[in-house]
Amino acid sequence: MIHWENVLAGADTDAAIHLAAGHVVAALNHPSGRRCVALAGGGTPKSLYSALTQSPWRGRVDFSNVEWFWGDERAVPPDRPDSNYRMARETLLAPLGIDPARIHRMPADAADLPASAESYERTIRDIVPAGKSGIPVFDLVLLGIGADGHTAGLFPGSAGLNEQNRLVVAHEVPSLRMWRMTMTFPLLKAAARILFLVTGPGKAEIMSQILGPQADPGRLPAASFCGLPDSVTWILNADAARLVRPIRPV
């Protein structure tokens, strides 16, 4: 079930980024000390990260108290152009001058990926406070959506979609013939706030399906988040929201 009050549309990409930055600041701007974030990869988050390093957003949060993680990563070295870590480091973490000790790169380039995923899960459990269920609760998880309906590294047909126990897995993405490391649904859904940021005309059709009444989470993994009214916000620009009804323009 979609809770339409949580689906927002900016007039253009800049407006959507502005909305998203405001939600990031709201999620992190509290006095409880250390905060924990899981970052997304992709072109749209890149624009958000750049915005957060500039006025007016940079001065509204003490980013030095944030622990930085990644929701997913490609099986590539951290210096590769397609590395989610590299993109976030160059556009967000380095400009903010973040202490390297607070940056927890997802080691998806390891020789033993399953063991590396287990190690990353242990790191998360050591740093991110657990909720009542025993699952660590991130203050904020940032997510995007692919043209096939995937989110994080959870692609249609990938083994990690049905994982209920492990919080981080390494699996092959059949459609891409490549490996990804990713947080799983139990960890992602446990977050205090989950923010989807989706822009571009190429996302209009898939967003109409994900937010439609017949959305199938088995075919469209991102649709699995539609029933979380208290924690999920969907922010789209006008192009991505073109086929979505009803929606609240901002």
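For the structure, check the block above.
Conventions adopted
Residues numbered from 1 in each chain as written. Predicted model: local features only at pLDDT ≥ 70, side-chain atom pairs only at ≥ 80, totals over all residues. Heavy atoms only, no water. Salt bridge = Lys/Arg side-chain N within 4 Å of Asp/Glu carboxyl O. Helix = DSSP H or I, 4+ residues; strand = E, 2+ residues; numbered from the N terminus. Buried < 20%, exposed > 50% of the residue type's maximum accessible area, 1.4 Å probe, protein only. Contact = heavy atoms within 4.5 Å. Phe/Tyr/Trp six-rings, centres within 6.5 Å; stacked < 30°, edge-to-face > 60°. Lys NZ or Arg CZ within 6 Å of the ring centre and 35° of its normal.

**Details of the pattern of salt bridges**
Working step 1: Evaluated as defined, the whole model comprises 8 salt bridges.
Working step 2: Its salt-bridge partner being Arg 180, residue Asp 72 comes within 2.9 Å of it at the nearest N-O pair. Pair noted here: Asp 72 is in strand β4 (residues 72-74) and Arg 180 is in strand β7 (residues 178-183), with a separation of 108 residues, a long-range link.
Working step 3: Its salt-bridge partner being Glu 90, residue Arg 86 comes within 2.8 Å of it at the nearest N-O pair. One end of the pair, Arg 86, and the other, Glu 90, are both in helix α3 (residues 84-96), 4 residues apart, so they sit about a helical turn from each other.
Working step 4: Note on Glu 90: relative accessible area 42%, which makes it partly exposed.
Working step 5: Connected through salt bridges with shared partners, the residues Arg 86, Arg 89 and Glu 90 form a single ionic network.

**Looking at the environment of Thr 123**
Working step 1: Locating Thr 123 in the fold gives a position in helix α4 (residues 113-127).
Working step 2: Given a relative accessible area of 26%, Thr 123 falls into the partly exposed group.
Working step 3: When sequence neighbours within four positions are dropped, the list of residues in contact with Thr 123 reads Phe 69 and His 104.

**Here's the deal with the side chain of Glu 121**
Working step 1: If you trace the backbone, Glu 121 turns up in helix α4.
Working step 2: Excluding residues within four positions of it along the chain, Glu 121 makes contact with Arg 166, Leu 167 and Val 168.

**Concerning the packing of aromatic side chains**
Working step 1: Summed over all chains, the structure comprises 7 aromatic pairs.
Working step 2: Arranged with centres 5.7 Å apart and planes meeting at 65°, the rings of Phe 185 and Phe 225 form a pair that is edge-to-face. Residue Phe 185 is located in helix α5 (residues 185-189), and its partner Phe 225 is located in the loop between α6 (204-210) and β9 (232-237); the two are separated by 40 residues in the primary sequence.
Working step 3: With relative accessibility at 7%, the residue Phe 185 sits in the buried group.
Working step 4: We classify Phe 225 as buried; its relative accessible area is 0%.
Working step 5: When the ring of Phe 196 is compared with that of Trp 234, the centres are 4.2 Å apart and the planes differ by 10°; the resulting orientation is stacked. Of this pair, Phe 196 sits in strand β8 (residues 194-198) while Trp 234 is found in strand β9, placing the two residues 38 residues apart along the sequence.
Working step 6: Looking at Trp 234, the relative accessible area reads 4%, which means it is buried.
Working step 7: Ring pairs connect the aromatic residues Phe 185, Phe 196, Phe 225 and Trp 234, which therefore count as one cluster.
Working step 8: Of note, Arg 105 hangs over the ring of Tyr 85, and the distance from its end group to the ring centre comes to 5.9 Å.
Working step 9: Sitting over the face of the ring of Phe 225, Lys 189 holds its NZ or CZ atom 5.9 Å from the ring centroid.

Just geometry here; none of it tells us what the structure is for.
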